Amino acid sequence: MLITRHAEALAVLADPRYVPPPVRQDAREGTLAWLRAHVSRFSTGETHAARRRLVVERLAALDPAKLRAAARAETLERRGEWRGVPTRVLGAALGVTDTAPVAAAAAGYLSGEETPEADAAVAALLARADLPAVTLLLQGHNATEALIENAVPRLGDHGDVEALLRETLRHDPPLRATRRLDTRTGDEVTLDLVAANRDPDVFAGPGRFDPARGDAPHLTFGAGLRPCPAPAHALALAAGVLEGLREGSGR
Ligand code: HEM
């Protein structure tokens, strides 16, 4: 089933009958599939709550303002070569100094596509960081880079980077869909976040890119029982990169 309406998406995300599609639990320790079987993102019930608590605790020790300043400084230092900056900054804050394997591990994190490269990257990360830190790095990597990528073309037109990022999240979500399993029927449900974020019942002129819209209730960070625990961190990292790009280009 495909859900495209905002209200229906909210209802599914708030209903415990819908769970993330289960992932395999029989993988060899230290592989990508093993990691997916041990993170909050793909678990349910009490296990999910306990794992989520661990990442939330870790996030609480990070100061978004410091992440933003560090992302800005590193983007300037690298003369606008911003790829990898959010993850390096987040890694440094979590005490993980070498985040080079994150991109390869993150490539299969959501899809579950198992490759020798992804397995080797996960093993390398687990050798230098604990599970909550690795979870945060893998969860954040692709979505934060995609958010920046989607916002950069409009950077010259909009002064307020936070408003630009907020509207980019709604209009061009870096994460375009999320899935659930209906535990009553066994049906898989796909939530189309692009469509829900343009539901005309919720957003006036939904196709118009309008940073002045304010705090519009987009669903790009999820909602309900298991929303993204790190919107402030993601926005801080992205805002820091955009500021660095703007300053570096003299705009
Ligand atoms: C623009 C960037 C980001 C977007 C759009 C985003 C979006 C999301 C969404 C939609 C979910 C929930 C998935 C679902 O319910 O099916 C989620 C979960 C999560 N996100 Fe983010 N995220 C972003 C950045 C980050 C960053 C930077 C971190 C870490 C610092 C992070 C950590 C997490 C974690 C740990 C979860 C799992 C929560 C749980 O299992 O309860 N995210 N994210």
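Small disclaimer: the values here were computed from a predicted structure and weren't measured.

Visitor: It is not clear to me how the overall build of the protein chain should be interpreted in this structure. Could you clarify?
Guide: Secondary structure assignment for the protein chain yields eleven helices and four strands. For a compact globule of 251 residues, the expected C-alpha radius of gyration is about 18 Å, and the protein chain comes in at 18 Å, within 12% of that figure. For the protein chain, the C-alpha atoms occupy an extent of roughly 55 × 45 × 30 Å along the three principal directions. Of the roughly 11900 Å² of accessible surface on the protein chain, 52% is carried by carbon and sulfur atoms. A gap of 1 Å separates the mean positions of the 31 positive and 33 negative side-chain charges of the protein chain.

Visitor: Would you explain helix 11 (residues 231-249) in this entry?
Guide: In an α-helix there are 3.6 residues to a turn, and that puts residues three or four apart on one side. In this model, helix 11 (19 residues) spans 27 Å end to end at C-alpha, consistent with the 27 Å of a helix rising 1.5 Å per residue. Taken together, the buried positions of helix 11 are His-233, Ala-234, Ala-236, Leu-237, Ala-238, Ala-239, Gly-240, Val-241, Leu-242, Gly-244, Leu-245 and Arg-246. Residues of helix 11 that are buried sit in contact with helix 3 (45-60), helix 4 (64-77), helix 5 (85-94), helix 8 (131-151) and helix 9 (161-171).

Visitor: For this particular structure, what's the right way to read the pattern of salt bridges?
Guide: Oppositely charged side chains are able to pair whenever their charged atoms sit close together. Under the defined criterion, the tally for this structure stands at 19 salt bridges. Linking Arg-5 and Asp-201 is a salt bridge whose minimum nitrogen-to-oxygen distance equals 3.0 Å. Within this pair, whereas Arg-5 is found in the loop between strand 1 (2-3) and helix 1 (6-14), its partner Asp-201 is found in the loop between helix 10 (193-196) and helix 11, the two being separated by 196 residues in sequence. On the accessibility criterion, Arg-5 (34% relative accessible area) is partly exposed. Given a relative accessible area of 65%, Asp-201 falls into the exposed group.

Visitor: Would you mind showing me how to read unusual backbone geometry here?
Guide: Excluding glycine, residues mostly carry a negative phi; peptide bonds, for their part, are mostly trans. Its identity is not glycine, yet Arg-79 carries a phi of approximately 50 degrees, on the positive side. Relative to the helices and strands, Arg-79 is located in the loop between helix 4 and helix 5.

Visitor: Any chance you could explain the site of the ligand here in plain terms?
Guide: Taken together, 24 residues lie near the ligand, and Ser-40, His-48, Thr-178, Arg-180 and Cys-228 sit nearest. Arg-41 places a main-chain nitrogen or oxygen 3.2 Å from an oxygen atom of the ligand. At 3.5 Å, a backbone N or O of Arg-226 approaches an oxygen atom of the ligand. Of the pockets mapped on this structure, the ligand occupies the largest pocket. Secondary-structure elements contributing two or more residues to the shell around the ligand are helix 3, helix 8 and strand 3 (177-182). Looking at the shell around the ligand, the element that brings in the most residues is helix 8, giving six residues. Split by residue class, the shell around the ligand holds twelve nonpolar, eight polar and four charged.

Visitor: Before we go on, may I ask you to explain the nonpolar core in this structure?
Guide: A general tendency of soluble globular proteins is for nonpolar side chains to be buried together. Counting 53 residues, the largest nonpolar core has Leu-35, Leu-94, Leu-138, Leu-165, Val-241 and Leu-242 as its most contacted members. If we skip the residues at most four places from it in the chain, Leu-165 touches Leu-147, Ala-151, Leu-235, Ala-238, Ala-239 and Leu-242. In this structure, Ile-3, Val-189, Leu-193 and Ala-223 belong to the second largest nonpolar core, which totals eleven residues.

Visitor: Any chance you could explain the packing of aromatic side chains here in plain terms?
Guide: To describe a pair of aromatic rings, you give the distance between the ring centres and the angle between the ring planes. Under the counting rule described, the total for this entry stands at one aromatic pair. The ring of Phe-42 has Arg-36 sitting right over it, with the charged end atom 4.5 Å from the ring centre. Arg-154 extends its terminal NZ or CZ atom over the ring of Phe-209, reaching a point 3.7 Å from the ring centre.

Conventions used here
Residues numbered from 1 in each chain as written. Predicted model: local features only at pLDDT ≥ 70, side-chain atom pairs only at ≥ 80, totals over all residues. Heavy atoms only, no water. Helix = DSSP H or I, 4+ residues; strand = E, 2+ residues; numbered from the N terminus. Rg over C-alpha atoms; globule rule 2.2 N^0.38 Å. Areas by Shrake-Rupley, 256 points an atom, 1.4 Å probe, with all protein chains shown as cover. Lys, Arg positive; Asp, Glu negative; His and termini not counted. Charge placed at Lys NZ, Arg CZ, Asp CG, Glu CD. Expected span 1.5 Å × (residues − 1). Buried < 20%, exposed > 50% of the residue type's maximum accessible area, 1.4 Å probe, protein only. Contact = heavy atoms within 4.5 Å. Salt bridge = Lys/Arg side-chain N within 4 Å of Asp/Glu carboxyl O. Near = heavy atom within 4 Å. Polar contact = N/O pair within 3.5 Å; in protein donor to acceptor, adjacent residues only side chain to side chain. 1 Å grid on protein atoms, 1.4 Å probe; cavity = no way out; pocket = protein on both sides within 12 Å on 5 of 7 lines; lining within 4 Å. Sits in = over half its atoms within 2 Å of the grid points. Nonpolar A, V, L, I, M, F, W, Y, C, P; charged D, E, K, R; others polar. Core = buried A, V, L, I, M, F, W, Y, C linked by side-chain atoms within 4.5 Å. Phe/Tyr/Trp six-rings, centres within 6.5 Å; stacked < 30°, edge-to-face > 60°. Lys NZ or Arg CZ within 6 Å of the ring centre and 35° of its normal.

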